[in-house]
Amino acid sequence: MTFLSIAGMLLPGLFLVLGGYFGNTVLLALTFLSLALFFGGMVMAGFNSNHLDIAPKYAGILMGITNTAATVPGILGPYVAKWIAKAVSSCYIIIIIIII
């Protein structure tokens, strides 16, 4: 499963970069984007099996807890970014460093 997780993280990145450099036509851009999304699904094989390895009896509950914990930053992130941008409006380099 580790191979699928690694491949599922590297291949989408590769195809997105290729799409940025060689996606001159709509067909090429759609092809690279489709391949990136297709190979991105490989991560789920490793992700879902982790819950089953940790606690097979409570895998569903663990999945709910971890998905909730992963969703909260996605909800709060835009508000934090807006607050940072207002607080440090003249120093864009600081915002970039904080994001990285």
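My aim in this report is to walk through the structure given alongside it, one point at a time. All values reported here derive from a predicted model rather than from experimental measurement.

This paragraph deals with the overall build of the protein chain. Secondary structure summary: the protein chain contains 5 helices and 0 strands in total. Each helix and strand of the protein chain, ordered N terminal to C terminal, gives the series α-α-α-α-α. Each of the 100 residues in the protein chain was classed as buried or not, and the buried ones make up 16%. When contacts within the protein chain are restricted to residue pairs at least 6 apart in sequence, those whose partners lie at least 24 apart make up 43%. Element-wise, carbon and sulfur atoms account for 78% of the exposed surface of the protein chain, whose accessible area totals about 7700 Å².

Another aspect to go through is helix α3 (residues 43-54). Note on helix geometry: an α-helix contains 3.6 residues per turn, so any two residues three or four positions apart are oriented the same way. Taking 1.5 Å of rise per residue, the 12 residues of α3 would be expected to cover 16 Å, and the 17 Å separating its terminal C-alpha atoms lies within 8% of that figure. All of the buried residues along α3 are G46, S49 and H51.

It is the contact of helix α1 (residues 2-22) with helix α2 (residues 26-40), at a shortest axis distance of 8 Å, that shows an interaxial angle of 170 degrees. Taken together, the axes of α1 and α2 are roughly antiparallel relative to one another. Contacts between α1 and α2 pair G8, L11, P12, F15, L16, L18, G19 and F22 from the former with L28, F32, L33, L35, A36, F39 and G40 from the latter. The residue makeup of the contact of α1 with α2, split by class, is 12 nonpolar, 3 polar and no charged.

Rules of the game
- Residue indices begin from 1 for each chain and proceed along its sequence in written order.
- Given that the model is predicted, a residue must reach a pLDDT of at least 70 before its local features are reported, and side-chain atom pairs must reach 80 or more before they are shown or counted; all residues, however, enter totals for whole chains, interfaces and linings.
- Side-chain measures here rest on the full set of heavy atoms in the structure, leaving out hydrogens and waters.
- Per the convention used, a helix needs a DSSP run of H or I reaching at least four residues, while a strand needs a run of E reaching at least two, with both numbered from the N terminus.
- When a residue's accessible area, from a 1.4 Å probe over protein chains only, is under 20% of the maximum for its type it is buried; when over 50% it is exposed; and in between it is partly exposed.
- Throughout, a residue-residue contact means that at least one pair of heavy atoms, one from each residue, lies within 4.5 Å.
- The accessible surface values rely on the Shrake-Rupley method and a 1.4 Å probe; as for residues, cover is taken only from the protein chains in view.
- Here a helix's expected span is defined as the number of its residues, less one, multiplied by 1.5 Å.
- Lines are fitted to the C-alpha atoms to define the axes, a helix being fitted only along its stretch in contact, and any angle between axes, read from their N-to-C directions, falls within 0 to 180 degrees.
- Angles are sorted into four bins: roughly parallel if under 35 degrees, roughly antiparallel if over 145, roughly perpendicular if 65 to 115, and oblique for all others.
- Under the scheme applied here, ten amino acids are nonpolar (Ala, Val, Leu, Ile, Met, Phe, Trp, Tyr, Cys and Pro), four are charged (Asp, Glu, Lys and Arg), and all others, including Gly, are polar.

These values are about where atoms sit, not about what they do.
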